[in-house]
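Here's the letter readout for the chains.
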Amino acid sequence: MTGMADVADTADVAELYREFARLEARGRSADYEALAEAVARDRLVTDFVAELPPDKWQPQLLFAAARYLLGRPPGPAELRELVRQSGPELAEVMVTRRTQTNEPARCAVLLPALAELPGPLAVLEVGASAGLTLLFDRYSYDYAGRRLAGRDPEAPVLRCQPRGPVPLPARVPAIAWRAGLDLNPLDVTREEDARWLSCLVWPGEGDRAERLTAAIATARRDPPAVHPGDLVTEVAALAATAPADATLVIYHTSVLYQVAPELRERFAATVRDLGAVWLSAESPGLVPGTEGPARDGMSHVVARDGRPFALADSHGAWLEWLP
């Protein structure tokens, strides 16, 4: 790293980290809220981040990469020293890795919509990471005491607080076929990929780390197929391999913020042309037609074929059905 970042870029990085502290980390991770605020005030660290490509400025990526190298979540002083002493190594991790947070509890957000579809289902996830959110039928669920048993008794129980008239299913849907698509698939059987996933969990978020460990163990017992490829150019070819006698569902959660706006429009048009059921859980406006207010900086709009029907926590903690 040269230490010659553009002043305007450094200011943009500092504002990005202040917004992350205020809108995303606050109330979820006190450690990351404090760390993001410290980064925003630290010219050495903001200069370091500003020298990276803008799509690598994300606080989650910096903090996960530092944790990956240190073996523990960094504090402000540790992060500053890592930038000072090992900046090139830290930059390499940030450039080669992505924020592929594979939170299994997001399955609880989409499950009620899936269960309303005629089965069996063929599920195709874009931005699938390691495929942990392809395993709807293996997990068990607890919607404020309403329990559903999954096919794998050793899989974690995903807890989600329903709000409003959520149509809670009586059973998990039958899935005949599943496949994932990702630019850089992670392999749950590789320890380095599993360790990266663990580094993306924020400190202080309850049982997320334990849930991730259990979900990885579940996936390793029968790994889902996650194929390398771009969501715009490769989704149609992968969809064509799904069984014709199953209801095809193409879905994604917290993916489109990493996709350029013009590519989001192309992806939406591509999916609509495939005639599949399209489910999404993304920040407001990232799916065309889902503009509007969210409950907070970490809320998602849940939509079918671009039409919103629910709001949800981005990590699956609650699901609010819209009237």
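Remember, predicted model here, so these are calculated numbers, not experimental data.

*Asks:* Go over the packing of helix 7 (residues 191-199) against helix 8 (residues 208-221) with me, naming the residues and quoting the values.
*Replies:* Interhelical geometry of helix 7 versus helix 8 gives an angle of 150° and a closest axis separation of 10 Å. One way to sum up the angle between helix 7 and helix 8 is to call them roughly antiparallel. When you trace helix 7 past helix 8, the crossing you get is right-handed. Contacts between helix 7 and helix 8 involve E191, A194, L197 and S198 from the first element and L212, I216 and R220 from the second. Taken together, the residues of the contact of helix 7 with helix 8 sort by class into 4 nonpolar, 1 polar and 2 charged.

*Asks:* Account for the sheet that holds strand 1 (residues 121-126), with residues named and values stated.
*Replies:* Strand order across the open sheet formed by 9 strands is 5-12-11-10-9-8-1-6-7, with mixed pairing between neighbours. What marks the edges here is a single partner per strand, and that holds for strand 5 (161-163) and strand 7 (226-228). Taken over all neighbouring pairs, the strand axes of this sheet differ in orientation by 20° on average, direction set aside. Note: strand 1 against strand 6 (residues 175-182), 6 bridges, orientation parallel. Bridge assignment links V123 to a residue of strand 6, and that residue is R178. On top of the sheet, helix 6 (residues 107-115) reaches strand 1, strand 8 (247-253), strand 9 (277-282), strand 10 (299-304), strand 11 (307-313) and strand 12 (318-321); it is set at about 40° to strand 12, its chief contact. Here helix 10 (residues 261-274) sits on the sheet in contact with strand 1, strand 8 and strand 9, set at roughly 150° to strand 9.

*Asks:* Tell me about the packing of helix 1 (residues 7-25) against helix 2 (residues 30-41), and please be specific about residues and values.
*Replies:* At their nearest, the axes of helix 1 and helix 2 sit 8 Å apart, and the two run at 160° to each other. The angle between the axes of helix 1 and helix 2 places the two elements in the roughly antiparallel class. Once helix 1 is placed against helix 2, the crossing between them reads as left-handed. In this structure, helix 1 uses A14, Y17, R18, F20, A21 and A25 to contact helix 2, whose residues at the interface are Y32, E33, A36, E37, V39 and A40. Residue composition of the contact of helix 1 with helix 2, grouped by class: 9 nonpolar, no polar and 3 charged.

*Asks:* Residue-level account of the sheet that holds strand 4 (residues 157-159), with values.
*Replies:* Read across the open sheet, the 3 strands follow the order 3-2-4; overall the sheet is mixed. The open sheet is flanked by strand 3 (146-148) and strand 4, the only strands paired with a single partner. Strand-to-strand twist across the sheet, computed as the mean angle between neighbouring axes with direction ignored, equals 20°. In terms of strand pairing, strand 2 (residues 140-143) meets strand 4 through 3 bridges, oriented parallel. For Y141, the partnering residue across the bridge sits in strand 4 and is L158.

*Asks:* Which residues make up helix 8, and what values do they have?
*Replies:* In this model helix 8 runs 20 Å from its N-terminal to its C-terminal C-alpha over 14 residues, within 8% of the 20 Å that 1.5 Å per residue would give. Within the sequence span of helix 8, burial applies to R208, R211, L212, A215, I216, T218 and A219. What you see down the axis of helix 8 is that its buried residues fit within an arc of 160°, all on one side. Facing away from the buried side of helix 8 by over 90 degrees, the exposed positions are E210 and T213. On its buried side, helix 8 packs onto strand 4 and helix 7.

*Asks:* Before we move on, can you summarise helix 2 with the specific residues and values?
*Replies:* The end-to-end C-alpha separation of helix 2 is 17 Å, in line with the 16 Å expected for 12 residues at 1.5 Å each. Regarding helix 2, the residues found buried are Y32, E33, L35, A36, A38, V39 and A40. In this fold, the buried residues of helix 2 make contact with helix 1, helix 3 (43-50), helix 4 (59-70), helix 5 (76-96) and helix 7.

Each value, and the rule that gives it
Residues numbered from 1 in each chain as written. Predicted model: local features only at pLDDT ≥ 70, side-chain atom pairs only at ≥ 80, totals over all residues. Heavy atoms only, no water. Axes fitted to C-alpha atoms, helices over the stretch in contact; angles between N-to-C directions. Helix = DSSP H or I, 4+ residues; strand = E, 2+ residues; numbered from the N terminus. Parallel < 35°, antiparallel > 145°, perpendicular 65-115°, else oblique. Left-handed = near helix turned anticlockwise from the far one by under 90°. Contact = heavy atoms within 4.5 Å. Nonpolar A, V, L, I, M, F, W, Y, C, P; charged D, E, K, R; others polar. Pairing = 2+ DSSP bridges. Expected span 1.5 Å × (residues − 1). Buried < 20%, exposed > 50% of the residue type's maximum accessible area, 1.4 Å probe, protein only. Arc of directions from axis to C-beta.

As far as function goes, none of this settles anything; it's purely spatial.
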